[in-house]
Amino acid sequence: MEPKEKLIFALDVEHFQEAQELVMEFKDHVGMFKVGKQLFTHCGPKIVDFIKLKKSKVFLDLKYHDIPNTVAKAAIEAAKLGVDMMNVHTAGGFTMMKEAQTALHDTAKGLHVRRPKIIGVTVLTSIDDQELKRMGIEMPVYELTKRLALLAKEAGLDGVVAGGSEIEMIRELCGKDFIIVTPGVRIEEKKDDQKRTITPVDAVRKGATYIVLGRAVRDSKNPRQLLAKISEDIRRGVPHK
Ligand code: C5P
């Protein structure tokens, strides 16, 4: 995989036009665009169509978390949209993950299209041990992530979303082909809502398949130059300066 293909750009913006501009600006510098709740709620499938029209890949990051039947139905719609990757919350349970995976498989087969990859969100990177305790969960993030990643694999998911500190453990436990998507990527130490952060090169070195770049790139002075530098650093395996 080329370094730039490992980069997922988060289209966390308010307007369709802004998203379109970002796609045009970055399509040759990243492997996939992530469409999340804000943008999808605002403009719906037309952003997916636009990205596909520009021959780029789409990660539909709606993090479904509901009863198995509801999530399976949503997964079917995602397959019909033609996204390349989608996700559910592993906390929705084994049955939900399994049914979503089966629904995707059957729909893609029926439509003669490639089945979208389906991955499970383990523990959000905005959550730390203390936050888990407040929710009544005594297990540390690391242990809970381990359990949820194994559950996702057992349910037939293609991979997981997990924080930087859990990448090596998941790679070891779930094998080389298991997709690991790592958000919470920061170029420098910066305090915001992400509690478990990692730099792009460290994430890839530890074994992440993809890294999600959001504010770290969007808020930089020259995002395109930064993306090119991140790709180059990944290629050379050097820490980002
Ligand atoms: O701007 P920032 O780099 O924090 O963006 C991270 C993106 O990754 C957001 O779109 C967020 O929804 C997503 N994400 C995350 N943590 C996860 C899964 C996805 O931050 N565990």
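Residues numbered from 1 in each chain as written. Predicted model: local features only at pLDDT ≥ 70, side-chain atom pairs only at ≥ 80, totals over all residues. Heavy atoms only, no water.

A few words on unusual backbone geometry. As a rule of thumb, non-glycine residues mostly have phi less than zero, and peptide bonds are mostly trans rather than cis. The backbone of K63 shows a phi angle near 45°, a positive value even though the residue is not glycine. Mapped onto the elements, K63 comes out in strand β3 (residues 57-64). In this structure, H112 is a non-glycine residue whose phi angle is positive, near 55°. For H112, the position within the fold is in the loop between α5 (94-111) and β5 (117-121). When its relative accessible area of 74% is taken as the criterion, H112 is described as exposed. (Helix = DSSP H or I, 4+ residues; strand = E, 2+ residues; numbered from the N terminus. Buried < 20%, exposed > 50% of the residue type's maximum accessible area, 1.4 Å probe, protein only.)

This part is about the site of the ligand. Residues in contact with the ligand amount to 13 residues; listed here are only the nearest, D12, K34, R186, Q194 and R215. A distance of 2.6 Å is found between an oxygen atom of the ligand and a side-chain nitrogen or oxygen belonging to D12. G214 has a polar backbone atom sitting 3.5 Å from an oxygen atom of the ligand. Notes on the ligand: free accessible area 460 Å², of which the protein chains cover 87%. Along the lines of polarity and charge, the residues of the shell around the ligand split into four nonpolar, three polar and six charged. (Near = heavy atom within 4 Å. Polar contact = N/O pair within 3.5 Å; in protein donor to acceptor, adjacent residues only side chain to side chain. Areas by Shrake-Rupley, 256 points an atom, 1.4 Å probe, with all protein chains shown as cover. Nonpolar A, V, L, I, M, F, W, Y, C, P; charged D, E, K, R; others polar.)

Right, let's talk about the pattern of salt bridges for a bit. Summed over all chains, the structure comprises 13 salt bridges. In this structure, K34 engages D61 in a salt bridge whose closest nitrogen and oxygen atoms are separated by 2.5 Å. Highlighted residues: K34 in strand β2 (residues 32-35) and D61 in strand β3, separated in sequence by 27 residues. When its relative accessible area of 6% is taken as the criterion, D61 is described as buried. Residue E232 is joined to R236 by a salt bridge in which the shortest nitrogen-to-oxygen separation is 3.4 Å. Here R236 and E232 lie together in helix α11 (residues 223-236), a separation of four residues that amounts to about one turn. Through salt bridges with shared partners, a single ionic network connects E2, K229, E232, D233, R235 and R236. (Salt bridge = Lys/Arg side-chain N within 4 Å of Asp/Glu carboxyl O.)

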